Amino acid sequence: MTQSVKLEGFERVYPLVGGGGLYQWLLFALCAIQATTMCFQHMGYIFFGAVPDHWCEVNELKDSIWTKEEIKNLSIPRETNGLLFASNWESCSYYDLDYKSLSKERNFKTAYHTVNYSNVATKKCSKWNYDTSIYESTVVTDFDLVCARRYLVATIQATYMMGAFVGSLVMGALSDNLLGRRKTILVSASLVMIFGFVASFAKSYTTFVTARFFIAIGVTGSYQNSFSLCIYSGARLLDHPI
């Protein structure tokens, strides 16, 4: 003798909306689309946080007729990298020279050979030039997050992960106790859109990091609640009730 199981709540309503039908597949597709777009927020740091090669910008030589390589040869020291003949340009300092006088000489070789580099001191950079052969611009180039400010690059992702932690707690509680999953997903997606727009046009590092924090809250809230919806719907599509 089989015992009938009394269905309550969502289990009771589920057959009335079509069971494993078109609605559930559309729900799955919509959640998959938003999850795909949200993942770019997680992984985008690899690209917009990239640190290209950089060297000091010498303000007095900005309008010089010399090439970029000639200016680097004149003003930027070399740093050895442990190999016998290879070296890289120094990223955080440049030679302390009278560039205004040197720039008056149109012939680079003449200007270069007038400098005795054995007794030349160096200065710390205040502005930088960046190699744009791979990345036209990144957060690093926009806010000069190099040399003494290099640690701020890692802070961007650390702040984002803090937002993800807060989002998992806050949005989980909202979906369970107040708004439900659908409304929480809409709120989360709205956070991503609003603060994504703010981050795109941020004029300061602080604004950008703050926007990334709230983006992470929205991404986490959207993803975890979409995942829950798909788990419930997918389990019923496969006839494996949870």
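**Student:** Describe in detail the overall build of the protein, supporting the description with residues and values.
**Tutor:** Looking only at helices and strands, the protein has 10 helices and 6 strands in total. Out of the 242 residues belonging to the protein, those deemed buried represent 37%. Here the protein displays about 15500 Å² of accessible surface, and carbon together with sulfur accounts for 60% of that area.

**Student:** Which residues make up the side chain of K72, and what values go with them?
**Tutor:** Structurally, the position occupied by K72 is in helix α4 (residues 68-75). K72 sits in the buried class, given a relative accessible area of 7%.

**Student:** Requested: an account of helix α8 (residues 151-177), with residues and values cited.
**Tutor:** In this model α8 runs 39 Å from its N-terminal to its C-terminal C-alpha over 27 residues, within 8% of the 39 Å that 1.5 Å per residue would give. Most pronounced at G167, the bend in α8 amounts to some 25°.

**Student:** Provide a residue-level description of the state of the cysteines, including the pertinent values.
**Tutor:** Summed over the entire model, instances satisfying the criterion amount to 2 disulfides. The disulfide partner of C56 is C125, and the S-S distance across this bridge is 1.5 Å. The sign of the S-S torsion, about -45°, decides the handedness of the disulfide formed by C56 and C125: left-handed. One end of the pair, C56, is in strand β1 (residues 54-56); the other, C125, is in the loop between β5 (122-124) and β6 (128-130), with 69 residues separating them in the sequence. Take C56 and C125: they sit in the same class, and that class is buried. The partner cysteine of C92 in its disulfide is C147, sulfur to sulfur 2.0 Å. With the S-S dihedral at roughly -100°, the linkage between C92 and C147 falls on the left-handed side. Within this pair, whereas C92 is found in the loop between β3 (87-89) and β4 (93-95), its partner C147 is found in the loop between α7 (139-143) and α8, the two being separated by 55 residues in sequence.

Rules of the game
- Residues numbered from 1 in each chain as written.
- Predicted model: local features only at pLDDT ≥ 70, side-chain atom pairs only at ≥ 80, totals over all residues.
- Heavy atoms only, no water.
- Helix = DSSP H or I, 4+ residues; strand = E, 2+ residues; numbered from the N terminus.
- Buried < 20%, exposed > 50% of the residue type's maximum accessible area, 1.4 Å probe, protein only.
- Areas by Shrake-Rupley, 256 points an atom, 1.4 Å probe, with all protein chains shown as cover.
- Expected span 1.5 Å × (residues − 1).
- Bend = angle between axes of the 7 residues up to and from the residue.
- Disulfide = S-S within 2.5 Å.

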